[in-house]
Amino acid sequence: LHFVAPWTDVVKFSTTVQTRDLTVAVNGSDGGTMEASVTVRYQVMVGAEGCSVTELFKRVRSESKLESLVVDRETDDVTRLAFNRRPAFIGYTAEQEATTAEVITELDTRFNGQCVNLDRYLVTNLVPSERVQESINAAIAAEQRVNQATQEAAAQREAAQGSADAAVIAAQGE
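Figured I'd write up the structure that's included with this text. (Residues numbered from 1 in each chain as written. Predicted model: local features only at pLDDT ≥ 70, side-chain atom pairs only at ≥ 80, totals over all residues. Heavy atoms only, no water.)

Broken down by element type, the protein carries four helices and three strands. From first element to last, N terminus to C terminus, the protein shows the α and β order β-β-α-α-α-β-α. Projected onto the principal axes, the alpha-carbon positions of the protein cover approximately 125 × 35 × 20 Å. For the protein, with 174 residues in total, the buried portion stands at 28%. Counting contacts in the protein only where the partners sit at least 6 residues apart, residues at least 24 apart contribute 72% of the total. Counting only carbon and sulfur atoms, one obtains 52% of the accessible surface of the protein, whose full area is about 11200 Å². (Helix = DSSP H or I, 4+ residues; strand = E, 2+ residues; numbered from the N terminus. Buried < 20%, exposed > 50% of the residue type's maximum accessible area, 1.4 Å probe, protein only. Contact = heavy atoms within 4.5 Å. Areas by Shrake-Rupley, 256 points an atom, 1.4 Å probe, with all protein chains shown as cover.)

What follows is the structure in structure tokens.
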């Protein structure tokens, strides 16, 4: 007969910076879908106010559950919500920085309440669905047509101005 005391199981929580790479399916406000590859760097904050080892153990029981219940779930939720507020093609514009900043602010708030410190959040890749890619291509083509029309109109104005100036000079010379 071998007795094992219940307090002999040791649960470890690493306080070094950890990295998680996740793929999050996101929907834009226009119904377009994309897959966002994100990297989250975080650190367990044992010793901070309200974050004792026993408190952390009561909440999640293990480091793997901390990753799945806190880091993965919160990152997935916040990323989806932030992208859901904007049309899908916005992910490819300067607005992506605003979306990322919004995610960082919200994740930082949610993580701090669960004894986790957000070190970095980075969108490493966005893969649009075919429909979103088609709308991006259409928007680029439309912008190129507008730029070309603007350049042609400017060239015609310059040519017309040159002809008018030549007519004035010719009239003055007579």
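From this point, things continue past the structure.
Counting through the fold element by element, phenylalanine 83 comes out in helix H2 (residues 63-84). Each C-alpha atom, one on phenylalanine 83 and one on valine 103, is 9.1 Å from the other, the two residues being 20 residues apart in sequence.

Attention now moves to the pairing of strand S1 (residues 18-27). Judged from the 10 bridges that link them, S1 and strand S2 (residues 33-44) form a sheet pairing that is antiparallel. When the bridges of S2 are listed, arginine 20 appears paired with valine 40. Adjacent in sequence and paired antiparallel, S1 and S2 are bridged by five residues, among which glycine 31 carries a positive phi angle near 90 degrees. (Pairing = 2+ DSSP bridges.)

Another point: the packing of H2 against helix H3 (residues 95-112). Taken N-terminus to C-terminus, the directions of H2 and H3 make an angle of 145 degrees; their axes are 9 Å apart at the nearest point. Regarding H2 and H3, the two cross each other, and that crossing is right-handed. Residues Val70, Val71, Glu74, Thr75, Asp77, Val78, Thr79, Leu81, Ala82 and Phe83 of H2 lie in contact with H3, whose contacting residues are Thr99, Glu102, Val103, Glu106, Leu107, Arg110 and Phe111. (Axes fitted to C-alpha atoms, helices over the stretch in contact; angles between N-to-C directions. Left-handed = near helix turned anticlockwise from the far one by under 90°.)

As a further point, take the sheet that holds S1. Sheet strands line up and pair through hydrogen bonds in the backbone, either parallel or antiparallel. In spatial order, the strands read S1-S2-S3; together these three strands make up an open sheet with antiparallel pairing. Either end of the sheet is taken by a strand with one partner, and the two such strands are S1 and strand S3 (116-128). This sheet shows a mean twist of 25 degrees between the axes of neighbouring strands, independent of strand direction. Relative to S3, S2 runs antiparallel, the two being bridged by 11 bridges. From the neighbouring strand, valine 40 faces S3, where its bridge partner is tyrosine 121. H3 rests against S2 and S3 of the sheet, and its axis sits at about 145 degrees to S3.

The next thing to look at is the nonpolar core. Counting 32 residues, the largest nonpolar core has Val38, Leu56, Leu66, Leu107, Phe111 and Tyr121 as the members making the most contacts within it. Put simply, the parts of the chain that give this core at least two residues each are S1, S2, helix H1 (53-60), H2, H3, S3 and helix H4 (130-173). Filtering out sequence-adjacent residues up to four positions away, leucine 107 remains in contact with Glu74, Thr75, Val78, Leu118 and Tyr121. (Core = buried A, V, L, I, M, F, W, Y, C linked by side-chain atoms within 4.5 Å.)

Inspection of the secondary structure assignment puts threonine 79 in helix H2. Residue threonine 79 is classed as buried on the basis of its relative accessible area of 0%. There is a polar contact of 2.7 Å between the side chain of threonine 79 and the backbone oxygen of threonine 75. Leave out the neighbours within four places in its chain, and threonine 79 touches Val24, Val26, Val103 and Tyr121. (Polar contact = N/O pair within 3.5 Å; in protein donor to acceptor, adjacent residues only side chain to side chain.)

What follows is about the pattern of salt bridges. Across all of its chains, the model carries 10 salt bridges by this definition. Several salt bridges converge on common partners, so that one network encompasses Glu74, Asp77, Glu106 and Arg110. (Salt bridge = Lys/Arg side-chain N within 4 Å of Asp/Glu carboxyl O.)

Treat this as a map of the structure, not an account of what it does.
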